[in-house]
Every structure is written in structure tokens, then in C-alpha cells.
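Chain by chain, the residues:
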Amino acid sequence: MLIADNPYAQRYPLWLKGNLHTHTALSDGELPPEETVQACVRRGYDYVALSDHDVIAAVPEEHFPQIIVLSGVEHSAQQHILRVNVLSTLPHDLSYQSVIDLTVQAGGLVILNHPNWGENYDHWRDSQLSTLERYHGIEIYNNVIEYLEGSAYALDRWDRLLSQGKRVWGYANEDTHRIFQIGSAWNMVNVRERSREALLEGLKTGRFYASRGVILEEIAVEDGYLRVRSANAKELRLISLNGEVLERVTGSAATFSLSQARVYARVEAIGEGSARAWTQPVFLE
Ligand SMILES: [Zn+2]
């Protein structure tokens, strides 16, 4: 077993907390852009990406020295694509692959949204997720789907992609439409400094974990072991090929041997109630 790609190879003392999928009153969100950002500041977020349906919200940066505001858009053709750190929308008649490629070329982050939304759990079909290339990842949790048909979670879809050898990250997003959703899901990004560039680099290269309530203080891969320490987990699970749980450890810290893992290994941290955190996968050969 060799480590092919470890997103946590570089580690820094600083973590930035925030949400990548936020609607404002410019589309179907509750509050105007500035008030939405203000609510994120009050929640203690370090960053927020505004992502209205097919319209780009702008807020004056100088009004918000406490938080990094990323511009973005939810490209809402038949299926939805989150485009973060972009300044223009794209027409709906472009192919999804073109939307991905144009976004990546412009320095953007591309996430395929809520794959299990809908009565058939197929907002994105498996065949699309496996055929499309160069996107950064999928939403493994989307809070607004808690209130709609389908499942808010897409860990099954993620494990299928990872098992095929696809290297995509898993993001937990609020998909904020109402202010009460703020704090329901976030991504904690490990960064060298508090800047837009460092934040985007961490989000694109997988140096983050997705959370809905569990805090991870350390994620390290060393000498064939994956070590995770949490502030509030009750159980840690090592997950590998086909989503199989290889090991469960009760408590808030664990050092998992990767010797039984195949293709990829990731850790799920289980907290009180529905609180969870998900590390990104370490890819193996
Ligand atoms: Zn949305």
C-alpha cells in the first residue's frame, strides 16, 4: 500500500470555517446580500461564498473586513453546478463539461450539487458523475434537501465514485435560503494564511474537512497510519473501497492502520445526534 495522494500532506495551524452555497434575495434567498453576509459574520464564519441561481451577487469588500466573501453562482440548468470564485454566469445551453472547464480555467471551484435530491434520488445520475471530468467534488451533504424530496446526504454516491478511482472531494454545504440554516453545515479549510488565495487552494486540493457539527483538531497521515483527533466525536470510522467500514473506534481520537484499505481511505466522525464530520479521502495505490 502506497499513498498516491494525501490532501493533508501539508498542515498548518490555521483553519477557516465557512459555507460555499448561499442564496440571497437576488434569487430565492431570504435576505439581501449584505445582510446575508452579516449573518455569516455573526455566526463566526471566516468565509462565505454567495451562490444565487444564475445571478452573481456582489458586496463591497471594504464593508466586511472580518470575513472573506467569494463571489459565485449556482448554475441552475436541469442539474445544478456550484461555481465559486467566478465573476460571470454561463448560458444554460452549454454542456456541463464546458461549464466545468470554463470555470476551472477562470480559477473557479466546481462542485456538483445535491446528487440525491428528488424522489428518485437522481438529481445527478451516477453515469454523469462518473463521465464528467475535472470538477473538484460533489456535495456529500446539502442542508436544504432536508426539507425537500430525496436525501440531503450523498455519501453513497461519493463512495461509488471514489471506488471507481475518481479523485473528487466531498463538501458539506448549507444551501442557505433561510437564515436559520446558517450553521447547519460547513467546510473547515486548513490554510497557510487568512487569504482568498490560500482558502481556494485548500478547497481545491482537499485540505479541508466537511462538517455538520463535529470538530476535527488533527488529521494526519504518517507511516501508513491515518490519525484523527476530534474535540467532540463519540466514534470514528475508517471507510474504504465500496464504502466498507474497516474499523470503528469509540471516543474522540484514533490512529487507523491503512494496511487493509484499498484505493482510498477516509474517516467519518460521529457526534451527538446528527453531528458528523467527514475527512477527505487519502488515495492509495
Ligand atoms: Zn442552491
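Look above for the structure.
Quantities reported herein were computed from a predicted structural model and do not represent experimental measurements.

The rules behind the values
- Counting from 1, residues in each chain are numbered in the order their sequence is written.
- Totals for whole chains, interfaces and linings use every residue, but because this is a predicted model, local features are given only for residues with pLDDT of at least 70 and side-chain atom pairs only at 80 or more, for both listing and counting.
- Hydrogens and waters are ignored; side-chain quantities use all the structure's heavy atoms.
- Think of it this way: a Phe, Tyr or Trp ring, Trp meaning its six-membered ring, pairs with another when their centres are within 6.5 Å, and the plane angle makes it stacked under 30 degrees, edge-to-face over 60, tilted otherwise.
- Under the DSSP-based scheme used, a helix requires at least four consecutive residues in state H or I and a strand at least two consecutive residues in state E, with every element numbered from the N terminus.
- For every residue, the accessible area (1.4 Å probe, protein chains only) is compared with the maximum for its type, and the residue is labelled buried under 20%, exposed over 50%, or partly exposed between those bounds.
- Here, a charge over a ring means that NZ of Lys or CZ of Arg falls within 6 Å of the ring centre while also lying within 35 degrees of the ring normal.
- Counted as donors are the N, O and S atoms within 2.8 Å of the metal, or 3.2 Å for Na, K and Ca, while water is not among the atoms, so some sites may look incomplete.
- For a four-donor site, all angles between 85 and 135 degrees give tetrahedral; for four or six donors, opposite pairs above 155 degrees with the remaining angles between 65 and 115 give square planar or octahedral; all remaining cases count as irregular.
- If DSSP finds at least two bridges between two strands, the strands pair.
- We call two residues in contact when some of their heavy atoms are within 4.5 Å.
- Between N-to-C directions, angles span 0 to 180 degrees; the directions come from axes that are lines fitted to C-alpha atoms, helices contributing only their stretch in contact.
- The patches described consist of residues with a relative accessible area above 30% and no salt bridge, like charges being joined within 9 Å and nonpolar side chains (Val, Leu, Ile, Met, Phe, Trp, Tyr) within 5 Å.
- Where accessible areas are quoted, they stem from the Shrake-Rupley method and a 1.4 Å probe; at the residue level, only the protein chains shown are allowed to cover.
- By definition, a salt bridge exists where a carboxyl oxygen of Asp or Glu is found within 4 Å of a side-chain nitrogen of Lys or Arg.
- Only buried residues count toward a nonpolar core. Its members are Ala, Val, Leu, Ile, Met, Phe, Trp, Tyr and Cys residues joined through side-chain atoms within 4.5 Å.
- In protein, a polar contact requires one atom able to donate a hydrogen and another able to accept it; more generally it is a pair of N or O atoms within 3.5 Å, and residues adjacent in sequence count only if both atoms are side-chain atoms.

A word on the packing of aromatic side chains. Within the structure shown, the criterion is met by 7 aromatic pairs. Here Trp169 and Phe283 contribute two aromatic rings whose centre-to-centre distance is 5.9 Å and whose plane-to-plane angle is 45 degrees, an arrangement assigned as tilted. In this pair, Trp169 sits in strand 10 (residues 169-173) while Phe283 sits in strand 20 (residues 282-284), placing the two residues 114 residues apart along the sequence. Of the two residues, Trp169 and Phe283, both sit in the buried class. Measuring from centroid to centroid gives 4.7 Å for Tyr171 and Phe208, while their planes differ by 25 degrees, and the two rings are stacked. In this pair, Tyr171 is assigned in strand 10 and Phe208 in strand 12 (residues 208-212), connecting sequence segments 37 residues apart. Each member of the pair, Tyr171 as well as Phe208, is classed as buried. Each member of the aromatic cluster is reached from another via a ring pair, and the members are Tyr141, Tyr153 and Trp278. Note that Lys17 overlies the ring of Trp186, its terminal NZ or CZ placed 3.9 Å from the centroid.

A few words now on the coordination of the zinc ion. For a metal with four donors in a tetrahedral arrangement, the ideal angle between donors is 109.5 degrees, while six donors in an octahedron ideally sit at 90 or 180 degrees. In this structure, His21 (NE2), His23 (NE2), Glu74 (OE) and Asp175 (OD) serve as the protein donors to the zinc ion, at separations of 2.0 to 2.3 Å. Around the zinc ion sit 4 donor atoms, and with donor-metal-donor angles ranging over 77 to 167 degrees the site reads as irregular. For the zinc ion, the donor residues sit on a single chain with the sequence spacing H-x1-H-x50-E-x100-D.

A word on the sheet that holds strand 7 (residues 80-84). Strand-to-strand pairing in sheets goes through backbone hydrogen bonds, with the strands running parallel or antiparallel. Strand order across the open sheet formed by 6 strands is 4-6-7-8-9-10, with mixed pairing between neighbours. Edge positions in the sheet fall to strand 4 (52-53) and strand 10, since each of these pairs with one other strand and no more. The pairing of strand 4 with strand 6 (residues 72-76) spans 2 bridges and is classified as parallel. In the strand pairing of strand 6, His53 is matched with Glu74. Sheet contacts for helix 5 (residues 196-205): strand 8 (109-112) and strand 10; angle to strand 10, the most-contacted strand, approximately 120 degrees.

Take the side chain of Ser163 next. Mapped onto the fold, Ser163 is located in helix 4 (residues 155-163). In this structure Ser163 touches Leu241, Asn242, Gly243, Val263 and Tyr264, once residues within four positions along its chain are discounted.

Together, Tyr147, Leu148 and Phe180 give the surface a local cluster of nonpolar side chains, amounting to about 350 Å² of exposed area. Tracing the sequence through the fold places Leu148 in the loop between strand 9 (137-142) and helix 4. Note on Leu148: relative accessible area 41%, which makes it partly exposed.

Further remarks concern the sheet that holds strand 17 (residues 253-257). Here we have 3 strands laid out as an open sheet, ordered 13-14-17, and antiparallel in their pairing. The open sheet terminates on both sides in strands that have one partner only, identified here as strand 13 (216-222) and strand 17. Between one strand and the next, the sheet's axes are offset by a mean angle of 10 degrees, whatever the strand orientation. Relative to strand 17, strand 14 (residues 225-230) runs antiparallel, the two being bridged by 5 bridges. Looking at strand 17, one finds that Arg227 is bridged to Thr255.

Further remarks concern the nonpolar core. If you look at the biggest cluster of nonpolar residues, it comprises 48 residues, and the most contacted ones within it are Leu20 and Tyr135. Not counting chain neighbours up to four residues away, the residues in contact with Tyr135 comprise Ile100, Val110, Leu112, Leu129, Leu161, Lys166 and Val168.

Another point: the side chain of Ser184. Relative to the helices and strands, Ser184 resides in the loop between strand 10 and strand 11 (186-191). Side-chain polar atoms of Ser184 contact the side chain of Asn143, separated by 3.5 Å. Reaching out from Ser184, the side chain makes a polar contact with the backbone oxygen of Gln181 at a distance of 2.7 Å. Beyond its immediate stretch of four places on either side in the chain, Ser184 contacts Tyr45, Tyr141, Asn143, Glu174 and Arg212.

Turning to the environment of Asp93, a few remarks are in order. Within the secondary structure, Asp93 is located in the loop between strand 7 and helix 2 (96-105). According to the relative accessible area criterion, Asp93 is exposed, its value standing at 71%. Residues Asp93 and Ala77, spaced 16 residues apart in sequence, show a C-alpha to C-alpha distance of 8.1 Å.

Coordinates in, geometry out; function isn't part of it.
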